[in-house]
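Okay, here's what each chain looks like letter by letter:
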Amino acid sequence: MKNLLKSIYLLALLFVVVGCNDENDFGFVTPDDTFTIVSPNSGASLFLDSENEQNVALTIVWEDNVTNSSNYTVEMSSNEEFTESISIGSSTSNTFSLTVADLNTILLGYEVPAFEETSLYFRVNSGGQFTDVISLVVSSYPESNPVITSPDNTFAIVLSDVTEDENALTVTWDDPDFSDNTPTIISYNLEVAAAGTDFAVVENIGTTTNERMDDTTHGELNDAALNLGLAVDAEGTLDIRVRSVIETASGDLERISDFITITVTPYETALLPVIYGVGAGLPDAGWGWDSPVELLLQGSVYSGNINLQNNGGADNNFRFFAQMDWGPTSFNYPWYESRGFTIDPNLVNANDGDSNFAFVGTTGQYFIEIDMENKTITLGPPVVGPNCEFDQLWLVGAGVPDAGWSWDSPVQLPCTGNGVYSGNVNLQNNGGADNNFRFFTDATLEWASPSFNYPHYVSEGYTIDSDFVDAMDGDNNFAFVGTTGEYFLTVDTINLTITLGPSQTTCEFDQLWLVGAGVPDAGWGWDTPVEFPCTGAGVYSGSVTFANDSFRFFTDSSLEWASPSFNFPYFEGEGYTIDANFENANDGDSNFRFVGTPGTYILTMDTVNKTITLQ
């Protein structure tokens, strides 16, 4: 056995000796010297997110069996050759890490634009010996807010409606963390608030996408100033800021600049309910205040029939006024011209001392419209008919028991002139839906008629009688919450009021009746006499179609020709002022004769003030 073991040992030793003599055979290998980054891999992407700022964003690991150092600097460059570079940190071990917040600050400081994919290069430096270079695609997020660069707190402006469409304010700003041509969609909102209110109430005067400037016109800035409570014709201050919004996967990213404070002087924009025309060119008025021509505002338009004369010279001049007096405010030709109005060619600048209007057309009656929104002044044929948008309104609903919720007997609220609908109406308050109703414009359309509920009038700025509230039913109808009874209801579309007053049944008759060829809907017969109702306080008013012929007023249609009646001399004898469109027919009965332009008018007889007028 011992001999066998010796034999094996000798054989093994021989193998080793022989193997060592073969230079191509196995031997011990010394490892290569290396100083290299092993993580992360070159070409990796790194997109930073402000939601996780304390998380580790970047960890670089390297292998070093060359320098025998324990002091390392990690470097970053925008180019692979590191012709310029910065140090982003140091380490005494073979690893280096940065949080999201720290790395983002470094990137922004290196002018890496927010939200743009950028290739950067990294290496490790140890005493002038460097690892290989890796590249990473990185993206930062913004930390800075926009910064207003112009104007500053010294900016002041007096706003003017003469230049309301011209630029009044240009605001520019920087967004330091973004490039000028960033692909990120950034919405910038230019916001103003009353100075010192910490933007509790904000008006947006402009929105841009990526563009870092915005212009605001006189009109836009004026509207904002008035909405924020600044006084007309007085200096006031506004704070201005830029609010940016970026839509991201984790929600909207909002950033707000510091504010500046500017000084503005706003102008008045509220339209007057009526303007007055005076001058020799308006023969019904002349140069005096006994009978100025009144143009009422409906919506944004002043309008009405006016007589204009062209006798040449100063006899065709006139001007509009804000009050029934010579001052302080008037509107001459240049006032409208300077504001960009297109003015009818029959009206020119008189070029007199006051630059009045001069009428250069054919003397006669015209319908004038001064459209304050579209900036036009036009003359057209005279318009006959009521001075309301509709001939009447109609009331339907359980709260109006004479009507109920049907179209058998809707209650009429007639136009009584000057944009006012009024009349006596029975209203009931039985609680619940039994006190609800609504206004309609066209009874012939029934339920298809345009209608106006409570919120409609609220949104139009009406002051509504406290006995009416929003019914809060499916249609937001009116609900009458007062005491059941008859009231005088008035819807004033000029002064934007809906009021209730005591029933005005103080006429001698419930209605008068018109019969005669001058009232073609009636004629000289009793089949269809035209009703002329009492609308309260001794006033009869209604819509009547007239032709150039004669007619008379009667008190009782059931008596027909036996009814008491009133002719032209009767009212003359009672001291009435009678519209110039009527004259004594001088026929056998001295009836009225209509001598105006045939058409439909609102006829009003005021037995208290003793007037008979047409509109």
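Cut-offs applied
- Residues numbered from 1 in each chain as written.
- Predicted model: local features only at pLDDT ≥ 70, side-chain atom pairs only at ≥ 80, totals over all residues.
- Heavy atoms only, no water.
- Helix = DSSP H or I, 4+ residues; strand = E, 2+ residues; numbered from the N terminus.
- Rg over C-alpha atoms; globule rule 2.2 N^0.38 Å.
- Buried < 20%, exposed > 50% of the residue type's maximum accessible area, 1.4 Å probe, protein only.
- Contact = heavy atoms within 4.5 Å.
- Areas by Shrake-Rupley, 256 points an atom, 1.4 Å probe, with all protein chains shown as cover.
- Lys, Arg positive; Asp, Glu negative; His and termini not counted.
- Charge placed at Lys NZ, Arg CZ, Asp CG, Glu CD.
- Arc of directions from axis to C-beta.
- Pairing = 2+ DSSP bridges.
- Axes fitted to C-alpha atoms, helices over the stretch in contact; angles between N-to-C directions.
- Salt bridge = Lys/Arg side-chain N within 4 Å of Asp/Glu carboxyl O.

(A) Main features of the overall build of the protein chain. What the protein chain contains, in helices and strands, is 6 helices and 48 strands. Taking 2.2 N^0.38 as the reference for a compact globule, 615 residues should give roughly 25 Å; the C-alpha atoms of the protein chain span a radius of gyration of 44 Å, well beyond that estimate. Dimensions of the protein chain along its principal axes, counting C-alpha atoms only, are 170 × 70 × 40 Å. Expressed as a percentage of its 615 residues, the buried residues of the protein chain come to 46%. Counting contacts in the protein chain only where the partners sit at least 6 residues apart, residues at least 24 apart contribute 64% of the total. In the form shown here, the protein chain has an accessible surface area of approximately 30300 Å², with 48% of it arising from carbon and sulfur atoms. Within the protein chain, one finds 14 positive and 87 negative side-chain charges whose respective centroids are separated by 10 Å.

(B) Region of interest: helix α2 (residues 100-109). Residues of α2 that are buried include every one of V100, A101, L103, N104, L107 and L108, and no others. Considered in projection along α2, the buried side chains sweep an arc of 165° and stay on one side of the axis. Buried positions along α2 lie against β2 (44-47), β3 (56-64), β4 (72-77), β6 (95-99), β7 (118-126) and β9 (134-139). Among the residues trailing α2, E111 stands out with phi positive, at a value near 60°.

(C) Representation of the sheet that holds β6. Overall, antiparallel pairing links the 3 strands, which are arranged β1-β3-β6 in an open sheet. Looking along the sheet, the strands with just one partner apiece sit at the ends: β1 (35-39) and β6. Taking each pair of neighbouring strands and ignoring which way they run, the sheet shows an average axis angle of 25°. Judged from the 5 bridges that link them, β3 and β6 form a sheet pairing that is antiparallel.

(D) Molecular detail of helix α3 (residues 218-227). All of the buried residues in α3 are H218, G219, L221, N222, A224 and A225. One or two residues past the end of α3 sits G229, with phi positive at roughly 95°.

(E) Highlighting the side chain of D161. Take D161: it is sitting in the loop between β11 (156-158) and β12 (167-174). Overall, the relative accessible area of 18% leaves D161 in the buried class. Among residues more than four places away in sequence, those in contact with D161 are Y267, W335 and R339.

(F) Quick look at the pattern of salt bridges. Throughout the structure, instances matching the rule amount to 11 salt bridges. The shortest N-O distance in the salt bridge between D589 and R552 comes to 3.7 Å. Placement of the pair is D589 in the loop between β45 (582-584) and β46 (592-594) and R552 in strand β42 (residues 550-554), with a sequence separation of 37 residues. Using a relative accessible area of 44% as the deciding quantity, one classes D589 as partly exposed. Taken together, the salt bridges that share partners define one network made up of E191, R241, R243 and E254.

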